[in-house]
Amino acid sequence: MNNQESSESQELEQLRMEYAEMKARLDRQEIINSNMIQMSINRGVNSIRNNRWIGFPMLLILFAVFYGLSRSLGLRLPFFIVTLVFTAAIVVGNYFRLGRLDSAALSAGPTRQFITEIKCRRVQQLRWIQIMLPLFVLWLGYFILEVMHTGRQGMDLYIIIFSLSVGAATGLFISFRTHNRIIAFYDSIIAQLDLSGGVK
Amino acid sequence: MENKELEFTKLVIGNKSTIYSVCYMFSKDKDQIEDLFQEILIRLWNGYESFRGEANIRTWIYRVCLNTCLDQERKMRKQGERVPLGTDIDLFEGTDDRVLQTRQLYSRINRLGLVDRGMILLWLEGLSYDEIAAVVGISVKSVSVRLFQIKNKLKSIKS
């Protein structure tokens, strides 16, 4: 029995030596060159993180659109200000949340601590959407009240409601898509790092 | 090339055999090794940009390599593809008894679970228990117990 165990231990040690020899052979071969590394560097830009800048030009466009709408429909100044503050909060929030994805992917700190941090960020992201969704509904109500206040009727009212529906659906789609991508990103990191979850 | 890119290139070339070996352990053919290698390079570069040196760079490289391989394999399992590991590639040259024995043991390692395979790989790489604990994120004592169990498992798996 002892002989067998000793032989198996030798096998493992043998494998370790073979492994070291194999690595030495690999070191002598040109597995990779600078060009291949350069290509990887170019491909390695995080597309999600880069999206964080898109919100700022969109904010300017929204400013112009709402200013135009306010003037043409006769919407009041407080509504215009509320809309801008709400939109700016979303854009700035997105900028910071997407920017954090970088350090999330790259932290080299202790794994356990890092996984805990990522899980916290995931919860924060879920809370963000839970807060923003009711606020969006409130803003929608405010918008409808504001449109009713202008006293418009008939075709004018339908056009405004149609535009509002399209705009709201687009905004919601973009927000949920970004939210889902962030959540998926955090989930993938947790799945990647939580190696010890598989250790029973 | 910028300084940072040069440093990164040196780092990759200095660790190419480690990266390749990890890919080999988690791949079924050469194409998959190349894909994994590429993916690891991308993740290493993304990480290198803001690597703060809070951990040993070697530990960090192992962690990125292992996590990338495990992630890829999990994805493949979700897609329903069974991965017959390490069948097409043979990095152990020669046909004498010693090499054949090693090859058999290597194929037994490939039949271990994902995490077990990762841990035995780190042990083969010559990492200390402290370093393995840092990569996997468990205590040093757990590493010791786990490696003991893995070695026993290896013995029980028939070639």
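Since the structure is predicted, the reported quantities are computational estimates derived from the model, not experimental observations. (Residues numbered from 1 in each chain as written. Chains lettered and ligands numbered in written order. Predicted model: local features only at pLDDT ≥ 70, side-chain atom pairs only at ≥ 80, totals over all residues. Heavy atoms only, no water.)

(A) Structural detail: helix α1 (residues 3-14) of chain B. Residues and elements named next belong to chain B. Helix length check: α1 (12 residues) gives 16 Å between terminal C-alpha atoms against 16 Å at 1.5 Å per residue, within 8%. Residues of α1 that are buried include every one of Glu5, Phe8, Thr9, Leu11 and Val12, and no others. With its buried residues spanning 160 degrees around the axis, α1 presents them on a single face. Those residues of α1 that are exposed and aimed more than 90 degrees away from the buried face are Asn3, Lys10 and Gly14. (Helix = DSSP H or I, 4+ residues; strand = E, 2+ residues; numbered from the N terminus. Expected span 1.5 Å × (residues − 1). Buried < 20%, exposed > 50% of the residue type's maximum accessible area, 1.4 Å probe, protein only. Arc of directions from axis to C-beta.)

(B) Looking closely at the packing of helix α6 (residues 114-124) of chain B against helix α7 (residues 129-136) of chain B. All names here are of chain B. Across the interface, α6 lies against α7 with an axial gap of 10 Å and an inter-helix angle of 145 degrees. Read as a crossing pair, α6 and α7 show a hand that is right-handed. Judged by residue contacts, Met119, Leu122 and Trp123 of α6 engage Tyr129, Ile132, Val135 and Val136 from α7. In the contact of α6 with α7, the residues fall into 7 nonpolar, no polar and no charged. (Axes fitted to C-alpha atoms, helices over the stretch in contact; angles between N-to-C directions. Left-handed = near helix turned anticlockwise from the far one by under 90°. Contact = heavy atoms within 4.5 Å. Nonpolar A, V, L, I, M, F, W, Y, C, P; charged D, E, K, R; others polar.)

(C) Just the nonpolar core, in detail. Counting residues in hydrophobic clusters, the biggest one holds 53 residues, and the most contacted among them are Ile19(B), Phe26(B), Met119(B) and Ile132(B). Non-local contacts of Met119(B), meaning those with residues more than four positions away in its chain, are made with Ile132(B), Val136(B), Ile138(B), Val143(B), Arg146(B), Leu147(B) and Ile150(B). (Core = buried A, V, L, I, M, F, W, Y, C linked by side-chain atoms within 4.5 Å.)

(D) Fine view of the packing of aromatic side chains. Within this structure, the stated rule accounts for 7 aromatic pairs over all chains. Relative to Tyr142(A), the ring of Phe79(A) has its centre 5.1 Å away and its plane inclined at 85 degrees; by these criteria the two rings are edge-to-face. Here the residue Phe79(A) occupies a position in helix α5 (residues 77-106), and Tyr142(A) occupies one in helix α6 (residues 111-149), the gap between them amounting to 63 residues. Of the residues examined, Tyr142(A) reaches a relative accessible area of 29% and is grouped as partly exposed. Three or more aromatic residues joined by ring pairs make a cluster, and in this case those are Phe79(A), Phe136(A), Trp139(A), Tyr142(A) and Phe143(A). Across the ring face of Trp123(B), the terminal group of Arg16(A) is positioned such that the distance to the ring centre comes to 4.2 Å. (Phe/Tyr/Trp six-rings, centres within 6.5 Å; stacked < 30°, edge-to-face > 60°. Lys NZ or Arg CZ within 6 Å of the ring centre and 35° of its normal.)

(E) Up close: the packing of α7(B) against helix α8 (residues 140-156) of chain B. Residue and element names in this part refer to chain B. Two elements in contact, α7 and α8, have axes whose closest approach is 9 Å; the angle formed by their N-to-C orientations is 95 degrees. It follows from the interaxial angle that α7 and α8 lie roughly perpendicular. Where α7 approaches α8, its residues Tyr129, Asp130, Ile132 and Ala133 are matched on the opposing element by Val140, Val143, Ser144, Leu147 and Lys151. For the contact of α7 with α8, the per-class residue count stands at 6 nonpolar, 1 polar and 2 charged. (Parallel < 35°, antiparallel > 145°, perpendicular 65-115°, else oblique.)

(F) Structural detail: the state of the cysteines. Residues and elements named next belong to chain B. Inspection of the entire model under this criterion finds 0 disulfides over all chains. Unpaired in terms of disulfides, Cys69 finds its nearest cysteine sulfur in Cys23, a separation of 4.9 Å. On the basis of relative accessible area, Cys69 is assigned to the buried category, the value being 1%. (Disulfide = S-S within 2.5 Å.)

(G) Structural detail: the confidence of the model for chain A. All names here are of chain A. Put simply, chain A has an average pLDDT of 72, and 68% of its residues get 70 or more. Put simply, helix α3 (residues 47-50) is where chain A has its lowest mean pLDDT, 56, and α6 is where it has its highest, 80. Across residues 103-109 the pLDDT falls below 50, and counting only partners more than four positions away or on other chains, this stretch makes 24 contacts in the model. Contacts for the low-pLDDT stretch residues 195-200, under 50 throughout, to residues beyond four places or in other chains number 14 contacts. (pLDDT = per-residue confidence, 0-100.)

(H) Main features of the pattern of salt bridges. This model, assessed by the stated rule, comprises 4 salt bridges over all chains. Residue Glu146(A) is joined to Arg76(A) by a salt bridge in which the shortest nitrogen-to-oxygen separation is 2.9 Å. In this pair, Glu146(A) sits in helix α6 while Arg76(A) sits in the loop between α4 (55-73) and α5, placing the two residues 70 residues apart along the sequence. Since its relative accessible area comes to 1%, Glu146(A) is described here as buried. According to the relative accessible area criterion, Arg76(A) is partly exposed, its value standing at 40%. Residues Arg58(B) and Glu131(B) are paired through a salt bridge, measuring 3.0 Å at the closest nitrogen-oxygen approach. Taken as a pair, Arg58(B) in helix α4 (residues 57-78) and Glu131(B) in helix α7 lie far apart in primary sequence, 73 residues in all. Counted as one network, the salt bridges with shared partners bring together Asp116(B), Arg146(B) and Lys153(B). (Salt bridge = Lys/Arg side-chain N within 4 Å of Asp/Glu carboxyl O.)

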